[in-house]
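Fold and contact review
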Amino acid sequence: MPAPECTCLFIVGATRSGNTLLQRLVDAHPAVAIVDETHWIPKWLARGKGVTPDGRATPALVRRLAEHRRFARWQIPLERLEALVADGTPPSYADFVSRFYDLYGEARGKVLVGDKTPRYVRDIPMLHAHWPAAKFVHVIRDGRDVCLSANAWRKAYKLRRRYPTWASDPVATAAAWWDWLVRLGRTDGRRLGPERYHEIRYERLVAHPASECHALCRFVGVAYD
């Protein structure tokens, strides 16, 4: 199977917008594996967690990954990660994360690896700066349905904890939150151009899955399956 045109695929969008549905569809493709919600990639770099001041990965980064609650689910041999920082000049953070994705793909026999972490819709410029060949798929769902889904979500307490007005005025707060994320993702994503940024409307994906997935495969650079 020929190698796809991009080196990594990020699925992003407001929470409760259909990111998980799209992840499961794309992960079923024989060439593509999608990691489910890493969360740590921008955060650890910004906070210097296991990263040197000049942006290089350290053994402490590997230890943090080994302690991550999802590490076993990734099925990546710990010794393979340790080998990346064991000898010579430590790799850059970008190279280390790229190899993390490569190892995830190898474990599943896939040539392209993506990452479904909805909150990365806020980190498109940072991710693009470190992985210029990466592509971004922004899932957008009708804000009214996002509001209903978010407020009925079993993890809605996270939103109430993060946004103080959510408890007293959940509809207005959800509307402002959705609008902010959609505008941010569109503004940052469209700056990259159509070769790097692609939008999927949840409603069209549900109503016309074949045509939407055809378009997505063309964007990613893999054959339709």
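Owing to the predicted nature of the structure, the values given are computational and were not obtained by experimental measurement.

Description of the packing of aromatic side chains
According to the stated counting rule, one finds 10 aromatic pairs in the structure shown. For the ring pair Trp40 and Trp44, a centre distance of 5.1 Å and an interplane angle of 35° mean the geometry is tilted. In this pair, Trp40 and Trp44 are both assigned in helix α2 (residues 40-47), 4 residues apart and thus about one turn of the helix distant. Residue Trp40 is classed as buried on the basis of its relative accessible area, which comes to 1%. Linked through ring pairs, Phe10, Trp40, Trp44, Phe71, Trp74, Phe100, Tyr101, Tyr120 and Phe136 together constitute an aromatic cluster.

With respect to the pairing of strand β3 (residues 112-116)
Most of β3 is tucked away: 5 of the 5 residues are buried. Both faces of β3 are covered, namely the face carrying Leu112, Gly114 and Lys116 and the face carrying Val113 and Asp115. Sheet topology places strand β1 (residues 9-12) next to β3; 3 bridges connect them, and they run parallel. Across the sheet, the residue bridging to Phe10 is Asp115, located in β3. The pairing of strand β2 (residues 32-36) with β3 spans 5 bridges and is parallel. Bridge pairing in β3 places Val32 opposite Leu112.

Regarding the nonpolar core
A general feature of soluble globular proteins is that nonpolar side chains tend to end up buried together. Membership of the largest hydrophobic core comes to 48 residues, with the highest contact counts inside it found for Phe10, Trp40, Ile41, Trp74, Leu81, Phe96 and Tyr101. When residues in this core are grouped by element, the largest group, 8 residues, is from helix α6 (residues 93-108). Non-local contacts of Phe10, meaning those with residues more than four positions away in its chain, are made with Tyr101, Asp115, Tyr120, Leu127, Ala134, Lys135, Phe136 and Val137. The next biggest cluster of nonpolar side chains, apart from the first, holds 18 residues, and it includes Leu9, Leu22, Val26 and Ile34.

Looking at the sheet that holds strand β4 (residues 135-140)
Two strands in a sheet stick together by hydrogen bonds in their backbones, pointing the same way (parallel) or opposite ways (antiparallel). Pairing is parallel in the open sheet, where 5 strands are placed in the order β2-β3-β1-β4-β5. Whereas interior strands pair on both sides, the edge strands pair on one side only; in this sheet they are β2 and β5 (197-201). Within the sheet, the average angular offset between the axes of one strand and its neighbour, ignoring direction, is 20°. Against the sheet, helix α1 (residues 19-27) makes contact with β1, β2, β3, β4 and β5, and its axis sits at roughly 145° relative to β2, the strand it touches most.

Focus on a nonpolar patch on the surface
Taken together, the side chains of Leu21, Leu25 and Val206 define a hydrophobic patch exposed on the protein surface, amounting to about 230 Å² of accessible area. Relative to the assigned elements, Leu21 resides in helix α1.

Overview of the confidence of the model for the protein chain
For the protein chain, per-residue confidence averages 94 on the pLDDT scale, and residues scoring 70 or more make up 97% of the total. Note that residues 1-6 has pLDDT below 50 and, in this model, 15 contacts with residues that lie over four places away or in other chains.

About the thresholds
- Residues numbered from 1 in each chain as written.
- Predicted model: local features only at pLDDT ≥ 70, side-chain atom pairs only at ≥ 80, totals over all residues.
- Heavy atoms only, no water.
- Phe/Tyr/Trp six-rings, centres within 6.5 Å; stacked < 30°, edge-to-face > 60°.
- Helix = DSSP H or I, 4+ residues; strand = E, 2+ residues; numbered from the N terminus.
- Buried < 20%, exposed > 50% of the residue type's maximum accessible area, 1.4 Å probe, protein only.
- Pairing = 2+ DSSP bridges.
- Core = buried A, V, L, I, M, F, W, Y, C linked by side-chain atoms within 4.5 Å.
- Contact = heavy atoms within 4.5 Å.
- Axes fitted to C-alpha atoms, helices over the stretch in contact; angles between N-to-C directions.
- Patch = residues over 30% accessible without salt bridge, like charges linked within 9 Å, V, L, I, M, F, W, Y side chains within 5 Å.
- Areas by Shrake-Rupley, 256 points an atom, 1.4 Å probe, with all protein chains shown as cover.
- Salt bridge = Lys/Arg side-chain N within 4 Å of Asp/Glu carboxyl O.
- pLDDT = per-residue confidence, 0-100.

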